[in-house]
Amino acid sequence: MSADVLVSARGLEVHFPIRGQGLRKKGAGVLRAVDGVDLDILRGETLGLVGESGCGKSTLGNALLRLIPSTGGTVDFAGTDITKLSGRGLRELRRRAGMVFQDPFASLDPRRTVAQTVSEPLEVHGLRKGRQARAERVAELLELVGLDPAVAGRYPHEFSGGQRQRVGIARALAGEPDFLVCDEAIASLDVSVQAQVLNLLRRLQRQLGLTLLFISHDLSAVRHISDRIAVMYLGRVVEIGPAEAVGTDPQMPYTQALLSAVPLPHPALERKRKRIVLHGDVPSPSAVPSGCRFRTRCPYVFEPCDDVDPALQSVGAPGQLAACHLHGVVGTPATEPEGVTAKP
Amino acid sequence: MTAPVLEVSDLRVRLRTPRGPADVVNGLSYTVGPGETVAVVGESGSGKSVSVLALLGLLPARVATVTGTALLQGEDLLTMKPERLRQVRGPGAGMVFQDPMTSLNPVLTVGKQLVEGIRAHQDISKEAARRRAADLLGEVGLPDPDGALDRYPHELSGGMRQRVVIAIALSNSPALLIADEATTALDVTVQAQIIDLVEKLQADRGTGVIWITHDLGVVAGIADRVLVMYGGRCVEDGTVDDVLEHPAHPYTRGLLGALPDLAEPAVDGVVPDLATVPGTPPPPTDLPKGCVFWPRCPVRGDARCEHEQPPLAVIGSSAVSLPHRAATWCTEGSS
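One structure accompanies this document, and this report is about it. None of the values given here were measured: they were computed from a predicted structure.

1. Points about the overall build of chain B
Moving on, step 1. Per the secondary structure count, chain B includes 10 helices and 12 strands.
Moving on, step 2. The C-alpha atoms of chain B give a radius of gyration of 21 Å, which matches the 20 Å a tight globule of 335 residues would have.
Moving on, step 3. Across its three principal directions, the C-alpha atoms of chain B cover 65 × 55 × 45 Å.
Moving on, step 4. Residues counted as buried form 51% of the 335 residues belonging to chain B.
Moving on, step 5. Sequence separation of at least 24 residues holds for 65% of the intrachain contacts in chain B that already meet a minimum separation of 6.
Moving on, step 6. Split by element, the accessible area of chain B, about 14,800 Å² in all, is 52% carbon and sulfur.

2. Quick word on the sheet that holds strand β5 (residues 75-76) of chain B
All names here are of chain B.
Moving on, step 1. Within the open sheet, the four strands sit side by side as β2-β1-β4-β5. Their pairing is antiparallel. Of all the strands in the sheet, just β2 (20-32) and β5 have a single pairing partner and so form its edges.
Moving on, step 2. Pairing between strand β1 (residues 6-17) and strand β4 (residues 64-72): eight bridges, direction antiparallel. When the bridges of β4 are listed, Leu15 appears paired with Ala64.

3. Considerations on the interface of chain B and chain A
Moving on, step 1. On the side of chain A, 36 residues touch chain B, which itself brings 43 residues to the contact.
Moving on, step 2. Each partner contributes to the roughly 3,500 Å² buried at the junction of chain B and chain A, and carbon and sulfur atoms together form 56% of this total.
Moving on, step 3. For the pair chain B and chain A, the interface holds 12 residue pairs in polar contact (both at pLDDT 80 or more).
Moving on, step 4. With six residues, the single largest contributor to the side of chain B that touches chain A is helix α7 (residues 188-205) of chain B.
Moving on, step 5. For the side of chain B that touches chain A, the class distribution of residues is 22 nonpolar, 11 polar and 10 charged.

4. Comments concerning the pattern of salt bridges
Close approach of charged atoms allows side chains of opposite charge to pair.
Residues and elements named next belong to chain A.
Moving on, step 1. Across all of its chains, the model carries 30 salt bridges over all chains by this definition.
Moving on, step 2. Across the salt bridge formed by Lys84 and Asp81, the nearest N and O atoms sit 3.0 Å from each other.
Moving on, step 3. Residue Glu176 pairs with Arg137 through a salt bridge whose shortest N-O separation is 3.9 Å. Of this pair, Glu176 sits in the loop between α5 (161-173) and β7 (179-183) while Arg137 sits in helix α4 (residues 131-144); the two residues are 39 residues apart in sequence, bridging distant segments of the chain.
Moving on, step 4. Since its relative accessible area comes to 10%, Arg137 is described here as buried.
Moving on, step 5. A cluster of three or more residues bridged by salt bridges with shared partners is formed by Arg32, Asp35 and Arg293.

5. Points about a nonpolar patch on the surface
Moving on, step 1. Together, Tyr300, Phe302, Leu326 and Val329 of chain A give the surface a local cluster of nonpolar side chains, amounting to about 360 Å² of exposed area.
Moving on, step 2. Position of Val329 of chain A among the secondary structure elements: in the loop between β13 (321-322) and β14 (331-333).

6. With respect to the pairing of strand β10 (residues 233-239) of chain B
All names here are of chain B.
Moving on, step 1. Counting buried positions along β10 gives six out of seven residues, so the element sits mostly inside the fold.
Moving on, step 2. Note that strand β9 (residues 225-230) and β10 share six bridges and pair antiparallel. Looking at β10, one finds that Tyr230 is bridged to Arg233.
Moving on, step 3. Remark: two residues form the turn of the hairpin made by β9 and β10, two consecutive strands paired antiparallel; Gly231 in that turn has positive phi of roughly 55°.
Moving on, step 4. Pairing between β10 and strand β12 (residues 325-326): two bridges, direction antiparallel. Note on β12: the bridge partner recorded for Asp237 is Arg325.

Here is what the cut-offs are and how they apply
- Residues numbered from 1 in each chain as written.
- Chains lettered and ligands numbered in written order.
- Predicted model: local features only at pLDDT ≥ 70, side-chain atom pairs only at ≥ 80, totals over all residues.
- Heavy atoms only, no water.
- Helix = DSSP H or I, 4+ residues; strand = E, 2+ residues; numbered from the N terminus.
- Rg over C-alpha atoms; globule rule 2.2 N^0.38 Å.
- Buried < 20%, exposed > 50% of the residue type's maximum accessible area, 1.4 Å probe, protein only.
- Contact = heavy atoms within 4.5 Å.
- Areas by Shrake-Rupley, 256 points an atom, 1.4 Å probe, with all protein chains shown as cover.
- Pairing = 2+ DSSP bridges.
- Buried area = accessible area lost by both parts, 1.4 Å probe.
- Polar contact = N/O pair within 3.5 Å; in protein donor to acceptor, adjacent residues only side chain to side chain.
- Nonpolar A, V, L, I, M, F, W, Y, C, P; charged D, E, K, R; others polar.
- Salt bridge = Lys/Arg side-chain N within 4 Å of Asp/Glu carboxyl O.
- Patch = residues over 30% accessible without salt bridge, like charges linked within 9 Å, V, L, I, M, F, W, Y side chains within 5 Å.

See the structure below:
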């Protein structure tokens, strides 16, 4: 593994059992939320993770931090496989990897002051001894995220959405993490406030050398903040590469369709915009199509798509990978049940 | 010129709140012509949703005082008797609310909800209404419309539910369709499908549309005219090209600058920081004196900013029939 990779997932799976109704409690099927993800996040980069709702991007973010258990594969964090951690190791992971949640109204405890919320990680990890030292650190953190340290004694309801999100970021930074997952961190904010938080995240990332995973359905925001972009579809990363390359010259038909659906705030461009229309809805993650999982909606579907599951391959710009047979058939053929091929 | 579908003048809404009276809409005037789409843009709390809820009499009378006039095909919605208003909602004006998860009744099938709306306004048999309902679901692009009639909302995805809500809003061929953040909760691909659908129906039937959104990208695609709201007022309006390409109000400029832009690539590999509008919108219980925007305004180029609310005034070069107007003291010299 190259030295500058901070987080590395290999064959990561998060499958949820589906409970049947009535007497059939078991065996009703499996929901494959994350289904074989290979992903490297480089130290100091911002990786944007995009996809439609239900594609598994939040589940992936949670699994990378082990906030939910994975059912297969490995996640390497700075050289340690975190899927097997427990006790002290897990606590150290909690310090070194933080999360900024989507809803700043639900992710802060309404009965604790900002100071209590932000200083809890300091106590848990024993980072500052003594009340005075912790209060100083809280003031520092609040200042870092652009809040007046004088607000430390206030409760979440006294803040606007954007300010609350800043509190959430301060809490996530309290442990001096290397890695921060921002899961739809700007989705519930107004446009002008979104811009403030995006700028803050970019500043913090540069200032503290953070590694960010920025999960969002807003492609314009992702394009703005990310060094690289990964696109997810039905539990799998189907394209990844430099933000510029993925944003302007996507190689996977799904990425092309997704980008073409983003409305642009320029009337003249907007009238010229050619949209690639995808037909049908995203298949259920409990019934993932065989072969390429995008084949049921792909406008270019051809023969190998039915039974060869495409692997990510280098296409387009340097560092750009796409899982699509249009660039040459690479991948695993659909698995025949073992023993069936050798019929007598 | 044909008569407008909707003509709103000097609409004002005052709400009673525990913290005192809140002036959420302060003198809003606009018209919507047949087949025309007017986009109402603004951040949360700017009064855009309340202004349309007031039009349809959907604000509780106990807390809301609504004044002004709103002529829907010549009839004033604001002085209408409740019985007449009930007749008008549907064939006169249909509404699509933001959240497809909560705007359908979870214990009734899709078919029941559609048939109810149709039979409330049209004297047809249950069977005929059901056939009409299936047709509508087909029109809004729902796969297997006949099967969908017997499904419950929870069996449908978000995009499908929003299409059902749109089908209900369209079931009585309204002259005016109000879409309040109708696509905000949806993925871009589904959003694009819904917008196509509304544009098609609009072309077929000449429906006037009020499209409320905070997404300026959607506005650029769908709107003929744009109305920018801030602090319960229209601070700028005009054609979509005028407002988005030549914004005159510092707030509109701020909003556009704050938008990460997919069409604007990095310069030498460096993406510049977004321009931001400092601070947050003022609470409607405590609107600033003078120009509503001045506490956040980066320009403040006039002595009157802090004392006097600027009127909505026509800006220099715009055409007489499609005026571009802005309510600011600071139109010149800054770009």
